[in-house]
Amino acid sequence: MLIQASALFLTAMIDWDALEQEFQFTAPGPNKVVWVESPNINDRPEGVKIDTIVLHHTASSNLAGTVKWFTMPESQVSAHFTIGQDGSIVQQVSCLKRAWHAGQSTDYLGRKGVNDFSIGIEIVNKGDGTEPYTEPQMRAVELLCKVLVTWYPIQQITSHEFIADPEGRKNDPIDYPWERLESLGVPLIYGRKSERKPPQG
Ligand SMILES: [Zn+2]
């Protein structure tokens with residue numbers, strides 16, 4: 001498997017429908033959570049504070065295919081949560097563990113290795129700017145973030161686009177309506193580093 005290839009190139013090669021077909025999976029429905037374990041995890045560094053949420057798009061419209069991909073050791077990727085277009089929430093990594101969603105990354109505070117201290121949320125979306133996020137999906141993201149902000153000392157919700165190194169490596173979650181998360185009262189850090197917006201809220 002071309003693990004070293006650019007992730008954008010790699011995900012473009014994946015046959016999501018074939019992955020779905022070999023996978024027994026029933027989406028739980030809006031705002032409901034199911035657990036499908038991923039092996040692509042490790043321990044967080046000792047004593048780390050889980051203070052960041054990273055939002056992504058999956059670059060696929062297929063929830064089951066994405067979930068299956070995260071169960072495969074050869075993918076070398078995972079996220080704590082994946083949100084389907086129907087608002088289903090699939091958890092694959094315990095928040096206490098380190099998921100593999102951010103890759104080479106630096107946050108706005110200059111901290112590298114964002115996987116160490118973040119919770120990754122994948123939002124099922126084709127990622128080419130043609131597919132709107134659905135209302136149930138945006139609601140599920142809001143609800144999940146609200147719960148996580150209560151449980152963990154979250155100090156920022158950021159985008160993969162913002163944290164990815166080098167800048168421009170990622171563009172997700174494309175066109176996400178960040179204003180819908182403003183009521184959480186947590187700084188929202190998105191866009192590109194070079195056009196860095198100051199923390200809000
Ligand atoms: Zn991403």
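In this report, we go over the structure that sits alongside the text. (Residues numbered from 1 in each chain as written. Predicted model: local features only at pLDDT ≥ 70, side-chain atom pairs only at ≥ 80, totals over all residues. Heavy atoms only, no water.)

1. Some remarks on helix α4 (residues 135-151)
Right, so step 1: When the terminal C-alpha atoms of α4 are compared, their 25 Å separation across 17 residues agrees well with the 24 Å that a helix rising 1.5 Å per residue should span.
Right, so step 2: Residues of α4 that are buried include every one of Q137, M138, A140, V141, E142, L144, C145 and L148, and no others.
Right, so step 3: Buried positions along α4 lie against β3 (52-57), β4 (81-83), β5 (89-91), β7 (118-123) and β8 (156-159). (Helix = DSSP H or I, 4+ residues; strand = E, 2+ residues; numbered from the N terminus. Expected span 1.5 Å × (residues − 1). Buried < 20%, exposed > 50% of the residue type's maximum accessible area, 1.4 Å probe, protein only. Contact = heavy atoms within 4.5 Å.)

2. Structural notes on the coordination of the zinc ion
Right, so step 1: Every protein donor of the zinc ion is listed here as H56 (ND1), H160 (ND1) and D172 (OD), and their distances to the metal cover 2.0 to 2.1 Å.
Right, so step 2: For the zinc ion, the donor residues sit on a single chain with the sequence spacing H-x103-H-x11-D. Here H56 is found in strand β3, whereas its partner H160 is found in helix α5 (residues 160-163), with 104 residues between them in sequence. Each member of the pair, H56 as well as H160, carries the same accessibility label: buried. (Donors = N, O, S within 2.8 Å, 3.2 Å for Na, K, Ca; no water.)

3. With respect to the sheet that holds β4
Strands pair in a sheet through their backbones, by hydrogen bonds, and they do so in one of two ways: parallel or antiparallel.
Right, so step 1: One open sheet holds the seven strands; their spatial order is β1-β5-β4-β7-β3-β8-β9, and the pairing between them is mixed. Both edges of this open sheet fall to β1 (33-35) and β9 (188-189), since each of them pairs with a single strand only.
Right, so step 2: Two strands pair when backbone bridges link them, and β8 and β9 are joined in this way by two bridges, in the parallel orientation. Note that in β9 the partner of I157 across the bridge is L188.
Right, so step 3: The sheet strands contacting helix α3 (residues 63-71) are β4, β5 and β7, and the helix crosses β4 at an angle near 165°. (Pairing = 2+ DSSP bridges. Axes fitted to C-alpha atoms, helices over the stretch in contact; angles between N-to-C directions.)

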